Structure formats: C-alpha cells, structure tokens
Amino acid sequence: MLRRVGQAALVVAGVVVVTFVVMRLVPGDPAVTYAGPRASAQQLERVREELGLDRSIAAQLWDYLTSLVRGDWGTSLHTRQDVLSDISTAFPASLSLVGTAMLIAVLAGVPLGLLAARLRRSPADTAVRLSSMLAVSCPVFLLALIAQNVFATQLGWLPVAGEYDPALDTTSPLRVYTGLTVVDALLTGNWPVLGSALGHLVLPSLAMAAYPTGVVAQMTRAALIEETTQNHARLERALGFSKWQVLTRFSLRPGFGPVLALLALVFAFSLVNAFLVESIFNWPGLGRYAADSIRSSDAPAIAGVTIAVALAYVLLNLLVDLAQAALDPRVRLT
C-alpha cells in the first residue's frame, strides 16, 4: 500500500504540473477574462499582480503547488468564487448521479455477464452481447433525450429536470450536512425532499448507466470465461460441481478483480463526461460546472476540475487495490 500511495502521489503531481503547463499554453489572457474586455491597462496590470501572472513561470508553478496544498485552488473567473468551494458544492450532485449509475451498472451488468458466460454461444449469450454493444455504442445524450421525452414529457411519470422540486425549499427546507441530497434527506428525515430527489434521480442515472452496464457485462463475461479455463475450474468440475456452481462459487470472486479495475476507469470517465446529461436534466453537478468553465475560458476552474477528477480516480484505484486483494489473495503477492 505504501508503494501504491507513492505511485498515486506521483500521478497527482504529474497531473498538476501538466495542468499548469496547459493553462499557460491556452490562448488568451486570464487577466482580461477576469477584469473584463473594457478594463484599462492599469486595471489589467493590477489584476496580473493579484493573480501572480507577472512572476516567472517557475515562481508561478511553485506558488500554484503550495496554494493547492494549502487548499487555495484559485478564483474562478466566471463565478468569482473560490474554485475549491465551487467544486465542493458541485461534486456531491455529480457523485450521487454517477454513483447511482455505477450501482445500476454492477447490479445489472454482473448478472448479465454471468448469464452470458454460463450460456456461452447460446441465443441468450448473443442477446446479452448485442445489447451490451448497443448500450456502449449509443450516445449518452441521445438516451437522455429519449428518456426525458418519453417518460417525463409524454407519459409524465417522472420529473423533467432538476435535482428535486425547488418548491420544497420553502415548504420542506433541507438541512445540508454531506451535500448529497438523498443522504441528507435520510439523515434529517425529510421525506418530501427524499421522494422528490429519488424521482428526479431515476432518468439521468439510467441514461448514465447504459455505457457502464454494457462494459461491465462484457468484462464480466470475458473474465468468467477466462477463469473457467484455469486448473481450479477443471478440478472443481472433476469433483462433481456443476457449471453454475463453478461460476458462482469459485470463479466469480477471482474474476471480479478486472471488473473492479474497469469500474474505477469508467467512474472517472463518467464523472467528467456527465456534462451532457447534467445539461439536459439541469443537474447542478461537476460536469455542468466544467462545461460552463470551458465556455468562459475559465482556466483556474478547468484546472480545478481536472485535479479533482484526478484525485477521485487515484483514490478509487487505491480502493480497488484493497478490494482486489480481499477478493483474490494472489493479488497480495504482486
């Protein structure tokens, strides 16, 4: 674990340095973006001094690194707020959306992959493979628009957009502890907000879950088929265990390791690419914040989102390493 933590720290440091370099290579003057196009030369010079843009590149990099360690991630050029504060506000909404999508992907993808591996080369296997390929190939924004149009606009079964009904802020105000609306509503017993939040979460999470569900189903099928070719599987069949028992009792646990590693990648990918779904459903998350930052050429906010996603990815990989070691003792020897 010490070795993995050291590797993670190097990855984060590399991301920070690359992000800083890219920020300096992007065309445009951050001082003009911050002060406005009509700012005078004196105002621009004062802003450059405030932002530290008048110093050398090495000094700016050192200031940037030390500021990150202190928790000062800079000031957003379009919200004029602290970047870390903006990310802390937006991240829980994205975490609830992507986390729910990942949960759906595991609950649906693993059984589908298990079924396909058990019924290999059968019509059921073909159906699972084709449906998973379709889920992976279909653009997430198209699924979001279809779900919104059918289930919200035409049928009226679910809410169209938002994290929960804003009218509840007056009738049933929510006390915020974690920033996760569903969790805070459970902790405080705010049942109206809980019901509204769960209803608003269904459509965007299902749209987000399509891609990871297809990936998990395909990876689970491939991992289980590979695992059933190992010596232990042949021994278990020779001892009289059925194919289903070999898959579920002896192959699923060691074969789930690659699926966990894949989930960490898909989670980080979904976290930063959720802006399409968040924009369609007016979801106040990190993806929408990143999209707004890109549109306004807000370099500090873009860098902050990049670092936040990198930290989330590194932390997830550390957790995956622990989970893989718990599932398969052979991992501890590597």
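Computed from a predicted model, the values in this text were never measured in an experiment.

With that out of the way, let us pick up the overall build of the protein. Helix and strand content of the protein: 15 helices and zero strands. In terms of overall dimensions, the protein has a C-alpha envelope of 85 × 50 × 35 Å along the principal axes. Counting across all 334 residues of the protein, residues that qualify as buried make up 40%. Within the protein, contacts between residues separated by at least 24 positions form 72% of all contacts whose residues are at least 6 apart in sequence. When the accessible surface of the protein is summed, it comes to about 17800 Å², and 66% of that surface belongs to carbon and sulfur atoms. Across the protein, the centroid of the 24 positively charged side chains sits 14 Å from that of the 22 negatively charged ones.

As a further point, take the packing of helix H5 (residues 83–118) against helix H10 (residues 191–227). Running from N to C, H5 and H10 cross one another at 35°; their axes reach a closest spacing of 6 Å. For H5 against H10, the interelement crossing comes out right-handed.

Attention now goes to a nonpolar patch on the surface. Together, Phe141, Leu142, Leu145, Ile146, Phe275 and Leu276 make up a nonpolar patch on the protein surface, roughly 470 Å² of accessible area in all. Elements supplying a minimum of two residues to the nonpolar patch: helix H7 (140–154) and helix H13 (275–280). Ranked by residues supplied to the nonpolar patch, first place goes to H7 with four residues. Inspection of the secondary structure puts Leu142 in helix H7. By relative accessible area, Leu142 is classed as partly exposed at 37%.

Moving on, we get to the side chain of Glu163. The topology assignment puts Glu163 in the loop between H7 and helix H8 (168–171). Lacking a salt bridge, the buried Glu163 has Arg288 as its closest oppositely charged neighbour, with an N-O distance of 8.4 Å. Among the polar contacts listed, one links the side chain of Glu163 to the side chain of Thr181, at a separation of 2.8 Å.

The next subject is helix H9 (residues 181–188). For H9, the set of buried residues is Thr181, Asp184 and Ala185. Summarising the axial view, the buried residues of H9 lie within an arc of 100°, below the 170-degree limit, and thus occupy one face. Turning to H9, the residues buried within the fold contact H10. Immediately downstream of H9, the backbone of Gly189 shows phi near 70°, a positive value.

With that settled, the discussion passes to the packing of aromatic side chains. Scanning the model with the defined rule gives one aromatic pair in all. A ring pair is formed by Phe151 and Trp157, whose centres lie 6.0 Å apart and whose planes are at 40°; its orientation type is tilted. For Phe151, a relative accessible area of 34% corresponds to the partly exposed category. Classification of Trp157 as exposed rests on a relative accessible area of 61%.

As a further point, take the packing of helix H6 (residues 123–137) against H10. The packing of two helices is summarised by the inter-axis angle and the distance between the axes. Look at H6 against H10: their axes get within 7 Å of each other, and the N-to-C directions meet at 140°. Considered as vectors, H6 and H10 are oriented oblique to each other. The handedness of the crossing between H6 and H10 is left-handed. Here Asp125, Arg129, Ser132, Met133, Ala135 and Val136 of H6 lie close against H10, whose contacting residues are Ala210, Tyr211, Gly214, Val215, Ala217, Gln218 and Arg221. Residue composition of the contact of H6 with H10, grouped by class: seven nonpolar, three polar and three charged.

Compared with an ideal rise of 1.5 Å per residue, which puts 37 residues at 54 Å, H10 spans 45 Å between its outermost C-alpha atoms and falls more than 12% short. Where H10 bends most, at Ala210, the angle is about 35°, and the proline Pro212 comes one to four residues later. With respect to burial, H10 is a largely interior element, 26 of its 37 residues being buried. Between the side-chain oxygen of the N-cap and the backbone nitrogen of Val193 there are 3.4 Å, and the N-cap of H10 in question is Asn190.

Cut-offs and rules
- Counting from 1, residues in each chain are numbered in the order their sequence is written.
- Predicted model: local features are reported for residues with pLDDT of at least 70 only, side-chain atom pairs are reported and counted for 80 or more only, and whole-chain, interface and lining totals are derived from all residues.
- Heavy atoms throughout the structure, all of them, feed into the side-chain values; hydrogens and water do not.
- Here a strand is any run of E in DSSP of at least two residues, a helix any run of H or I of at least four, and the numbering for each starts at the N terminus.
- The classification of residues rests on relative accessible area computed with a 1.4 Å probe and restricted to protein chains. Under 20% of the type maximum is buried, over 50% is exposed, and intermediate values are partly exposed.
- Only heavy atoms matter for contacts: two residues are in contact if any of them lie within 4.5 Å across the pair.
- Working definition of accessibility: Shrake-Rupley area with a 1.4 Å probe, residue cover restricted to the visible protein chains.
- Counted charges follow a simple rule, with Lys and Arg positive, Asp and Glu negative, and His plus the chain ends left uncounted.
- Charge coordinates come from a single atom per side chain, which is NZ of Lys, CZ of Arg, CG of Asp or CD of Glu.
- Only C-alpha atoms enter the line fits that serve as axes; for helices the fit covers just the stretch in contact. Angles between N-to-C directions range over 0 to 180 degrees.
- By definition, any crossing whose near helix is turned counterclockwise from its far helix by less than a right angle is left-handed, and any crossing with a clockwise turn is right-handed.
- What makes a patch is a set of residues exposed beyond 30% relative accessible area and free of salt bridges, joined within 9 Å when like-charged and within 5 Å when nonpolar (Val, Leu, Ile, Met, Phe, Trp, Tyr).
- Definition used for salt bridges: Asp or Glu carboxyl oxygen within 4 Å of a side-chain nitrogen of Lys or Arg.
- A 3.5 Å cut-off defines polar contacts: any pair of N or O atoms within that distance qualifies, except that in protein one atom must be a possible hydrogen donor and the other a possible acceptor, and neighbouring residues in sequence count only when both atoms are side-chain atoms.
- As used here, the arc is the angular range of directions from the helix axis to the C-beta atoms.
- Two aromatic rings, drawn from Phe, Tyr or Trp (for Trp, its six-membered ring), form a pair once their centres lie within 6.5 Å of each other, and the interplanar angle then sorts them: stacked below 30 degrees, edge-to-face above 60, tilted otherwise.
- Every angle not falling under 35 degrees, over 145, or within 65 to 115 is termed oblique; those three ranges are roughly parallel, roughly antiparallel and roughly perpendicular.
- Under the scheme applied, nonpolar residues are Ala, Val, Leu, Ile, Met, Phe, Trp, Tyr, Cys and Pro; charged residues are Asp, Glu, Lys and Arg; polar residues are all the others, including Gly.
- To estimate how far a helix should extend, the number of its residues minus one is multiplied by 1.5 Å.
- Note that bend, as reported per residue, equals the angle between axes fitted to the 7 residues terminating at that residue and the 7 residues originating from it.

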